Each structure stands twice: as C-alpha cells, then as structure tokens.
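Examining the three-dimensional arrangement
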Amino acid sequence: MRRRKISNAIIVINAGSSSIKFSLFADETRQLELFLKGQIEGLRTDNAHFIARHPAGDVVGERHWTGPEAGAFDHDAATRFLMAFINTHLEGHVVEAVGHRIVHGGGDFTAPAALNAAALDRLATLVPLAPLHQAHNLAPARSILATTPGLFQVGCFDTAFHATQPPLAQAFALPAEITDRGVRRYGFHGLSYEYIASQLPTLGLGDAKVIVAHLGNGASLCAMDHGRSMASTMGFTAVEGLPMGTRSGTLDPGVLLYLMDEMHMGPRDLEKLLYQRSGLLGVSGISSDMRTLETSGEPRARLAVDLFTYRIGREIGSLAAAMGGLDALVFTAGIGENSAGVRAAVCGHAAWLGLEMDDGANAHPQPGAHRLSTPSSRVSAWIVPTDEELMIARHTRRLLTGATP
Ligand code: ADP
C-alpha cells in the first residue's frame, strides 16, 4: 500500500525527434524524489506507444496507437496527452513547475532560464545550430504555454555547463566575420556533466582533473578541472568529436567539399549522412546499438566498436593535454555504465597515462558510483551513473524558489 503525503511536484520533459520522455519528482523539503516516469515513442510514425511506470518498474499506464491515428500524433498532441495523463496520476501532488531539456542555449542562455513566449522565440532562432533537436525540445514548452499559460516553465540547456571553458577551447580558426555570428564551440551533454560534477566531491575528486566520458547514443567527452568544464569533444553542433550511434563525429572538413563536388550532395543529404547514416551504424552496416555490435560475429561490427574506442582513446590524450594532466576518468550513460568491453578497451588506450584497470571491478561493477581502477593506479577510473532528469528538476526548483517570494 503506497502512502504519500501531499506535496508539490515538478515535471521534467525531455523531447526528442520521435519521442517525449517525462519524469515526475515530488518536491520534498530536503530532496527531490522520483515517483513516476514514462514516455511516448513513435511520434508521427504508424506505431506510437505510451508507457508510464513507478520507479520500482510497475506499469501505471500504457497505450498503443497505429495507422493514421499514430501518424497524426505530433509533439503538440503528445504533450497534451501526457499532461492529461499526469494530471490524473498525481497521487495527491500539485504540479508547481515544468523543466525542459533544451539542447542549445547559444551565447545568451548560459544558465537555466524561465520560459515565456519571448524566450521560446529567441531559442527558436537557434534551430539551425541543432537541426535534429532544438525544434522538438521547444515544442512541448509551447504546447504547455498555450494550454496552461500560468504554469511556471524552465529551460535547462545542454550547452550551459560549458560556458566556463576558456576562450581558446571555444574558438575556431575562422575569420571574425564568421565567428562574430556565434560560430564557435559550445559543447553539449552539459546536464549530464553537471550532474556528474555534483557527484565528484563524494568520490574525493572535487578538486581533481577529470575526463568524463558520456557514452550513449550521443557520445562526448568533457575535461573538468575543479568540477568546471575546460574543454569538450563536441563543439558548434552535437555532431563533432567521437563517432556515435549514427553520427560521424569529427571529419576532415575536406570530406564535405569532396562529397559536394564529386557526389553532388546538398546540405540536407550531408545532414542525413552526418547525423543519421554514420557512426556505429554507418561503419558496421548492421546497427547503431552497442549491444548488437558486441554480440555480432561480423568483422564490420568489430571495426565499428574498435573505431569508437580508438577515437575515445585519442581524445582522452587531447583533453588531458588541454588540462595539463589527468587524475581520473569517469564513464557514464548507456554504454559507459553498461559495457565492460568498451570500458576495458578505453582504459587500455589510456594505460600510458598511468591508468591501471581492475579487471574484476570492471567486469562486475556495483550499483551506483564505483571505482574500476587498481589501488596503485596513478589515474583512477570510475562508473558514475548519470541523472539528467534530476539535474533539470534541481534547476527548476531553484528557479522556482527564486521566482516565487
Ligand atoms: P541516449 O543517448 O539515447 O540517452 P543511452 O544513454 O540510453 O542513450 O545509451 C544507449 C546506448 O547504450 C546504446 O548503444 C545501447 O546499446 C547501449 N547499452 C545499453 N545497455 C548496454 C549494455 N548492457 N551493454 C552494452 N551497451 C549497452
């Protein structure tokens, strides 16, 4: 029997191109406690699916849509459905605010911000900087503004954590007339990195030089000194840096000129190639999913995984140089938290820095934050599970407290 006292709740929304995820946090006196989470997947396809669960895993609601009914289900319709569902499953809580994950804050939004119509319009001007994410991130906030204008909404930006990077780490070697338009390196996955930074002091790494490897479908590395971002592998867009599930990562820019000249590819063809047809999927020709590749006997699957870990190894060297040293390497997100094989290969590439992995700890990690390196290892290695939703809820509560006397 669940017994809950009445308290306020914060909704966190993370909208992607074809899905919207939500989490509901009870805003208790001392902490934020997750009590419901769910998602709608398959927006604007012929097969949309909604599911919501309690943190223990029991299903609270589920629904399927097929055919034209599913095809008509866009971000606005999905947000309206989710808000209606949430309002009938509040378990006595009162919704006080909604926090949104927004990929790009540009040069103006370097901290979480209240979202009103003017802020949403300014953020919409950044759509060309994150063509596959930004418009979808903003859609639920617009929908809620239209249906529930009095509800406090907050935008939390994946770029904001990197605003502390030194100017050299943010610069491209391009003429001023281009860089003055905001063409510079921003960095992404900032909410994940900020959450990890908040955990580093509990591991004795609050003052350390740390590289965090956020390895999920999107993948990047961040160099942190004293918990502040100093450099990252992603730059102007979320396609730079490491090879990812379907994104190429860094390419010689000359490749793009070649593709335009010799293969007559236009901007949209290049966008599709770089964001959706490359990375683990492109190299393997099999899948973007690390689990599938790790269990495949195909040589091209092996090549994709090897290229992924090799590039991570090279970028670790680059980021260690940017900080002038390295004390610890932290793995997080779907691949970082779950793939012992990827972690072992990456730590092998970092052995020259003085990283010595404890194979037993890597093969059998404990729940929560966990050390993976031997006691004598000069550079320590860790798994720290990330929690971007909690980070968004924390920011939303902080702005809410500041915004309401
Ligand atoms: P997103 O960037 O979409 O949030 P996730 O952080 O959930 O992605 O990471 C998804 C990736 O994690 C996929 O490549 C998936 O194969 C990988 N992954 C999840 N569980 C495991 C596992 N047990 N072993 C290897 N890879 C895993």
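Residues numbered from 1 in each chain as written. Predicted model: local features only at pLDDT ≥ 70, side-chain atom pairs only at ≥ 80, totals over all residues. Heavy atoms only, no water.

Further remarks concern unusual backbone geometry. Note: most residues except glycine have negative phi, and most peptide bonds are trans. Phi at His226 takes a positive value of approximately 55°, unusual for a residue other than glycine. Even without glycine at this site, Ala333 takes up a positive phi of about 75°. Note on placement: Ala333 falls in helix α13 (residues 333-338). (Helix = DSSP H or I, 4+ residues; strand = E, 2+ residues; numbered from the N terminus.)

Our next topic: the environment of His162. With respect to the element layout, His162 can be found in the loop between β8 (152-157) and α5 (167-170). Placed 23 residues apart in sequence, His162 and Arg185 show a C-alpha to C-alpha distance of 9.4 Å. For His162, the contacting residues outside a window of four places in its chain are Gln170, Tyr186, Gly187, Phe188, Gly190, Tyr193, Cys222, Ser229 and Ser232. Within polar-contact distance, the side chain of His162 engages the side chain of Ser229 at 2.8 Å. (Contact = heavy atoms within 4.5 Å. Polar contact = N/O pair within 3.5 Å; in protein donor to acceptor, adjacent residues only side chain to side chain.)

In terms of burial, strand β6 (residues 94-102) is a largely internal element, eight of the nine residues being buried. Both strand β1 (residues 8-15) and β6 contribute to a ladder of six bridges, which runs parallel. Opposite Ile10, over in β6, you have Ala97 as the bridge partner. Where β6 meets β8, six bridges bridge the pair, whose relative direction is parallel. Among the inter-strand pairings, Gly99 is bridged to a residue of β8, identified as Val154. (Buried < 20%, exposed > 50% of the residue type's maximum accessible area, 1.4 Å probe, protein only. Pairing = 2+ DSSP bridges.)

So, about the pairing of β8. The buried count for β8 comes to five of six residues, which makes it a mostly enclosed element. Pairing of strand β7 (residues 113-114) with β8 involves two bridges; the strand directions are antiparallel. By the bridge assignment for β8, Ala114 is matched with Val154.

The next point concerns the sheet that holds strand β9 (residues 209-215). Ordered by their spatial adjacency, six strands build an open sheet running β11-β10-β9-β12-β14-β13, and the pairing between neighbours is mixed. Strands at the two margins of the open sheet, each flanked by one partner only, are β11 (228-232) and β13 (370-371). Both β9 and strand β12 (residues 328-332) contribute to a ladder of five bridges, which runs parallel. Along β12, the bridge assignment pairs Ile211 with Leu329. Lying on the sheet, helix α12 (residues 299-323) is in contact with β9, β10 (219-225), β11 and β12; it crosses β10 at an angle near 20°. (Axes fitted to C-alpha atoms, helices over the stretch in contact; angles between N-to-C directions.)

On to the packing of aromatic side chains. Counted under the stated rule, the structure contains seven aromatic pairs. Judged by centre distance (5.1 Å) and plane angle (85°), the rings of Trp65 and Phe81 are edge-to-face. Of this pair, Trp65 sits in strand β5 (residues 59-66) while Phe81 sits in helix α2 (residues 75-87), and the two are 16 residues apart along the sequence. Judged by its relative accessible area of 19%, Phe81 falls in the buried class. Consider the rings of Phe73 and Phe81, whose centres lie 6.2 Å apart with planes at 65°: the pair is edge-to-face. What makes Phe73 buried here is its relative accessible area of 10%. Here the aromatic cluster, defined as three or more aromatic residues joined through ring pairs, consists of Phe50, Trp65, Phe73, Phe81 and Phe85. (Phe/Tyr/Trp six-rings, centres within 6.5 Å; stacked < 30°, edge-to-face > 60°.)

Near the ligand, the surroundings consist of 13 residues, among which Asn217, Asp289, Met290, Gly334 and Asn338 are the closest. Contact between the ligand and Asn217: an oxygen atom at 2.9 Å from a side-chain N or O atom of the residue. Arg291 is positioned with one of its backbone polar atoms (N or O) 3.3 Å from an oxygen atom of the ligand. Against a free-state accessible area of 580 Å², the protein chains account for coverage of 70% of the ligand. (Near = heavy atom within 4 Å. Areas by Shrake-Rupley, 256 points an atom, 1.4 Å probe, with all protein chains shown as cover.)

As a further point, take the pattern of salt bridges. The final tally for this structure, using the stated rule, is 12 salt bridges. The shortest N-O distance in the salt bridge between Asp27 and Arg397 comes to 3.0 Å. Placement of the pair is Asp27 in strand β2 (residues 19-27) and Arg397 in helix α16 (residues 388-403), with a sequence separation of 370 residues. Notably, a salt bridge pairs Lys209 with Asp225, separated by 3.2 Å at the nearest N-O pair. Taken together, the residues span a long stretch of sequence, with Lys209 in strand β9 and Asp225 in strand β10 at a distance of 16 residues. (Salt bridge = Lys/Arg side-chain N within 4 Å of Asp/Glu carboxyl O.)

At a minimum axis separation of 10 Å, helix α3 (residues 117-124) and helix α4 (residues 134-147) run at an interaxial angle of 165°. As the angle between them shows, α3 and α4 are arranged roughly antiparallel. Here the hand of the crossing between α3 and α4 comes out left-handed. Together, Ala117, Leu120, Asp121, Leu123 and Ala124 of α3 and Gln134, Leu138, Ala141, Arg142 and Leu145 of α4 make up the contact between the two elements. (Parallel < 35°, antiparallel > 145°, perpendicular 65-115°, else oblique. Left-handed = near helix turned anticlockwise from the far one by under 90°.)

All right, on to the packing of α12 against helix α14 (residues 340-349) then. Direction vectors running N to C along α12 and α14 enclose 40°, while the axes themselves pass 9 Å from each other. As judged from the angle between their axes, α12 and α14 are oblique. Seen along the crossing, α12 lies across α14 with a hand that is right-handed. In contact with Val305, Phe308, Thr309, Tyr310, Ile312, Gly313 and Ile316 of α12, α14 contributes Val342, Ala345, Val346 and His349. Considering only residue class, the contact of α12 with α14 consists of eight nonpolar, three polar and no charged. (Nonpolar A, V, L, I, M, F, W, Y, C, P; charged D, E, K, R; others polar.)

Scope: geometric values only; no functional claims are made or implied.
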